Amino acid sequence: MFYTHSYPIEKHTQPKNPVFMRVCGYAKIHFRSHKRVNKNTEQLSIYAVAISPPAERKSEVIRFIIAPFLNYQNTYNSKNKVAISQSKADYKSLRAALNRAESKIDGTKEKDDLLMKAQVAYDSFEPKHALTLMADDTTSEALITLMADNGECILIASGEGGVFSNMKGRYKSGGDEIEIYLKGHSGDYISVHRKSREPEELHSPAISMAICVQPYVIHKIVMDDENTGKGLTGRIVFAYPAARAGTRKAISDTQPIHKKYDSVIFYTLEKIIAMDETKTLILSDEAKKYAEEYFNISEKRIEDGLEKAKSWNGKAFGLFIRIAGLFHAFQCYEDEQEPAKIPINEATARNAAIVTECLAEHSYKVFAGEDERNNDAIYLLRRITKYGQRQVAKQKMWQGTKSKFRTMERLNEILNFLEERGYLRVEKNSTGGRPADYIKVNPALLGDRPPQ
């Protein structure tokens, strides 16, 4: 969800606050949006992946996204340079004092008290680290350390797909490193204990991603049954826009908005990094009612969608809540209000649903792969068998599938495709009035077998 002028959205228009959509690559864990429908919570991190072939300016988009994060990170570290250096020195001094106390243990109470005092001072010390908002190529253990030192959250931003190789264990022989990415999306507790390092705990880890990759990279991810089985692909927000190479202009007609974007992100980072507690966002009564209606829409896609997209569709409602929370938070900051003190309104929820439905279209394109027609045919066969009838009026079938096929021409194309393969026939029936088209279903498709 980090669209810019280089990545137009097909079929749907953007909501009223497109600038706020572009900041979804990073969200502090302190913002949580309450999923009232099933009494659950969603943290606001987003795994956003844009898919585009070479020469589509992916690196330019990533530079555009990360610029204010780098600016804030450098500004913060420059202002706190002395305090960070002093903290490092204090830590080394406490560590040395503890080592000296340990080396002088002789069983006497005096030395035991000195050791206890040194241990308590060391354990209670809270170091001040240099701020790190982003990561790219890192192992899971290094990622956990970075998050532990930076408020338990991180943005992974890259114009390449190396993070997915890291998930599969590029730096680890004999296993993958996907768990941190699964829990970093859901906010589940992580505890790491290794002999060679001190224990680390993340109570509410939050990873956000802004990744641009080429189509073949995402194809490998989607086709990997392990990724699907563990729920990784269901957590990714896909954007699969039409390629623009060959039709681009030397000078874009689109009004640049990077100054507005930079200022919004910088201001928001100042607010959220200063927080010291988790805050919960809630839906207004009107937004809650709309969310219950939208839940049924997203839930229906689980049955009607592609097999490999079930995980994504199953998490679509949670994505809707996250987007609503992000829209609400940024709007409140622009209005100089505290997001947790104001319920998410219905208009914001409806805008979030528009974006989620748009992303559902993009996810279908990803999961359908190159053979979209074959997947559409499987979908139509599933609908036909669900009726369980030997013949179905084509108009009735159109009414039940037009949200999927959009045009009657597309439905006819898939019906012809299935007819050529013997699954059905489309014939005109006359019942005394104007002849109507009916879909005659092959009995074998319904489980009926011809007599032997």
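Residues numbered from 1 in each chain as written. Predicted model: local features only at pLDDT ≥ 70, side-chain atom pairs only at ≥ 80, totals over all residues. Heavy atoms only, no water.

A. The environment of Val-217, seen in detail. Looking at the element boundaries, Val-217 is found in helix 8 (residues 215–223). Separated by 56 residues in the primary sequence, Val-217 and Gly-161 place their C-alpha atoms 6.8 Å from one another. Not counting chain neighbours up to four residues away, the residues in contact with Val-217 comprise Gly-161 and Phe-164. (Helix = DSSP H or I, 4+ residues; strand = E, 2+ residues; numbered from the N terminus. Contact = heavy atoms within 4.5 Å.)

B. Just the packing of aromatic side chains, in detail. Following the criterion strictly, the structure yields twelve aromatic pairs and no others. Judged by centre distance (5.1 Å) and plane angle (85°), the ring pair of Phe-295 and Phe-317 falls under edge-to-face. With Phe-295 in helix 12 (residues 285–304) and Phe-317 in helix 14 (residues 316–334), this pair connects stretches of sequence that are 22 residues apart. Note on Phe-317: relative accessible area 4%, which makes it buried. With centroids separated by 5.7 Å and ring planes inclined at 75°, the aromatic side chains of Tyr-379 and Phe-405 adopt a geometry described as edge-to-face. Linking Tyr-379 in helix 16 (residues 372–387) with Phe-405 in helix 17 (residues 394–405), this pair joins segments that are 26 residues apart in sequence. The ring centre of Tyr-122 lies 4.9 Å from the NZ or CZ of Arg-95, which sits over that ring. Above the plane of the ring of Tyr-379 lies Lys-404, whose end atom (NZ or CZ) is 5.2 Å from the centre. (Phe/Tyr/Trp six-rings, centres within 6.5 Å; stacked < 30°, edge-to-face > 60°. Buried < 20%, exposed > 50% of the residue type's maximum accessible area, 1.4 Å probe, protein only. Lys NZ or Arg CZ within 6 Å of the ring centre and 35° of its normal.)

C. Focus on the sheet that holds strand 3 (residues 47–51). Overall, parallel pairing links the five strands, which are arranged 4-5-8-3-9 in an open sheet. In the strand order of this sheet, the two ends are held by strand 4 (134–135) and strand 9 (236–239), each with one partner. Note: strand 3 against strand 9, four bridges, orientation parallel. By the bridge assignment, Tyr-47 is partnered in strand 9 with Ile-236. Its contacts with the sheet place helix 5 (residues 140–148) against strand 4, strand 5 (153–158) and strand 8 (206–213), and it is angled at close to 130° to strand 5. (Pairing = 2+ DSSP bridges. Axes fitted to C-alpha atoms, helices over the stretch in contact; angles between N-to-C directions.)

D. Layout of the side chain of Glu-200. Looking at the element boundaries, Glu-200 is found in strand 7 (residues 197–202). A relative accessible area of 13% places Glu-200 in the buried class. One polar contact links Glu-200 to Thr-145, side chain to side chain, over a distance of 2.9 Å. Contacts of Glu-200, omitting those with residues within four sequence positions, involve Glu-141, Ile-144, Thr-145, Ala-148, Ile-190, Ser-191 and Val-192. (Polar contact = N/O pair within 3.5 Å; in protein donor to acceptor, adjacent residues only side chain to side chain.)

E. Summary view of the sheet that holds strand 13 (residues 436–441). Strands sit in the order 11-13-12 across an open sheet of three strands; the sheet is antiparallel. Across the chains shown, the open sheet's two edge strands, defined by having one partner strand only, are strand 11 (391–393) and strand 12 (424–429). Ignoring which end each strand starts from, the neighbouring axes of this sheet average 30° apart. Strand direction decides the pairing type here: strand 12 and strand 13, joined by six bridges, are antiparallel. Each residue of the ladder has a partner; that of Arg-425, found in strand 13, is Lys-440. Across the sheet, helix 17 is in contact with strand 11 and strand 13; its angle to strand 11 comes to roughly 70°.

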